Amino acid sequence: ILREDGFEVTNGEDRIAAVPKVEGHYDLKTLSELALSLKREYPDVNVASVLLEPEIEYDNLIQVMDAIRSTEVTEGPNPRPVKVALFEDIAVGDAP
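Definitions and cut-offs
The numbers attached to residues start from 1 for each chain and follow its sequence in the written order. In keeping with the model being predicted, local features are shown solely for residues with a pLDDT of at least 70 and side-chain atom pairs are shown and tallied solely at 80 or more, while totals for entire chains, interfaces and linings include all residues. Each side-chain value is derived from all of the structure's non-hydrogen atoms; neither hydrogens nor water enter the calculation. Angles shown run from 0 to 180 degrees and are taken between the N-to-C directions of axes, each axis being a line fitted to C-alpha atoms and, for helices, limited to the stretch in contact. In this text, helices come from DSSP runs of H or I with a minimum length of four residues, and strands from runs of E with a minimum of two, each type numbered from the N-terminal end. The crossing is said to be left-handed when, going from far helix to near helix, the turn is anticlockwise and less than a right angle, and right-handed when the turn is clockwise. Contacts: residue pairs with any heavy atoms within 4.5 Å of one another. Ten residue types, Ala, Val, Leu, Ile, Met, Phe, Trp, Tyr, Cys and Pro, are classed as nonpolar, four, Asp, Glu, Lys and Arg, as charged, and the remainder, Gly among them, as polar. Only buried Ala, Val, Leu, Ile, Met, Phe, Trp, Tyr and Cys residues count toward a nonpolar core, and they belong to the same one when joined by side-chain atoms within 4.5 Å. Buried, partly exposed and exposed residues are distinguished by accessible area as a fraction of the type maximum, computed with a 1.4 Å probe on protein chains only: under 20%, between the cut-offs, and over 50%, respectively. One less than the residue count of a helix, multiplied by 1.5 Å, gives the span that helix is expected to have. Note that the arc is computed from the directions linking the helix axis to the C-beta atoms. In the sections that follow, a salt bridge refers to a side-chain nitrogen of Lys or Arg positioned within 4 Å of a carboxyl oxygen of Asp or Glu. Only Phe, Tyr and Trp rings are paired, with Trp represented by its six-membered ring, and only when their centres lie within 6.5 Å; those with planes under 30 degrees apart are stacked, over 60 edge-to-face, the remainder tilted. Both a distance and an angle decide whether a charge sits over a ring: NZ of Lys or CZ of Arg must be within 6 Å of the ring centre and within 35 degrees of the ring normal.

1. A few points about the packing of helix α1 (residues 28-41) against helix α2 (residues 58-69)
Here α1 crosses α2 at 35°, and the two axes come no closer than 8 Å. Helix-helix and strand crossings are classified by hand; for α1 and α2 the assignment is right-handed. For the pair α1 and α2, contact is made by L28, L31, S32 and A35 and by Q63, V64, A67 and I68, respectively. Counted by class, the contact of α1 with α2 contains six nonpolar, two polar and no charged residues.

The following block contains the structure:
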């Protein structure tokens, strides 16, 4: 859930994490890390919803969608980051 003061990450029922803004900006890195952690826990899930408050700017919505759609990881002996898909099917709606 994209709110004016930060993010709430939920599983649809319970809040998993709250990520406040850092120096007035959304913490997209932490959001992406949370999304990666959830993807590792639920590898077969490709769907996510982004709910936002009415005053959220469109650019912030796009940045959040990009952060949960894919990320780059460095694993093993290869020092080059590899792009991995996270939640590619994203629905958008109004925050409760």
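2. A look at the nonpolar core
Counting 23 residues, the largest nonpolar core has L2, F7, L31, V50, V64, I68 and F87 as the members making the most contacts within it. At five residues, α2 tops the list of elements feeding residues into this core. Non-local contacts of F7, meaning those with residues more than four positions away in its chain, are made with I1, L2, A17, A18, V19, Y26, D27, L28, L31 and V64.

3. Remarks on α2
For α2, which comprises twelve residues, the first-to-last C-alpha distance of 17 Å matches the rise-based estimate of 16 Å (1.5 Å per residue) to within 8%. Where α2 is concerned, the buried positions are N60, L61, V64, M65, A67 and I68. Around the axis of α2, the buried residues are gathered within 160° of arc, so they sit on the same side. Those residues of α2 hidden inside the fold are in contact with β1 (2-3), β2 (6-10), α1, β4 (47-52), β5 (70-73) and β7 (89-94).

4. A word on the pattern of salt bridges
Considering all chains together, one arrives at five salt bridges under this definition. For E4, the salt bridge identified is with K21, shortest N-O distance 3.8 Å. Within this pair, whereas E4 is found in the loop between β1 and β2, its partner K21 is found in the loop between β3 (15-20) and α1, the two being separated by 17 residues in sequence. Assessed through its relative accessible area of 40%, E4 is described here as partly exposed. For R69, the salt bridge goes to D66, with nearest N and O atoms at 3.0 Å. Pair noted here: R69 and D66 are both in helix α2, with a separation of three residues, about one helical turn. Exposure remark for R69: the relative accessible area of 29% places this residue in the partly exposed category. Residues joined in a network through salt bridges with shared partners are R3, E8 and E53.

5. So, the packing of aromatic side chains
When we look at a pair of aromatic rings, we describe it by the centre distance and by the angle of the planes. On inspection of all chains with the given rule, the structure shows one aromatic pair. On the numbers, 5.2 Å between centres and 35° between planes, the contact of F7 with Y26 is tilted. Taken as a pair, F7 in strand β2 and Y26 in the loop between β3 and α1 lie far apart in primary sequence, 19 residues in all. Each member of the pair, F7 as well as Y26, carries the same accessibility label: buried. Taking the ring centre of Y26 as reference, the NZ or CZ of K21 above it sits at 4.6 Å. The ring of F87 carries K39 above its face, with NZ or CZ at 5.4 Å from the centroid.

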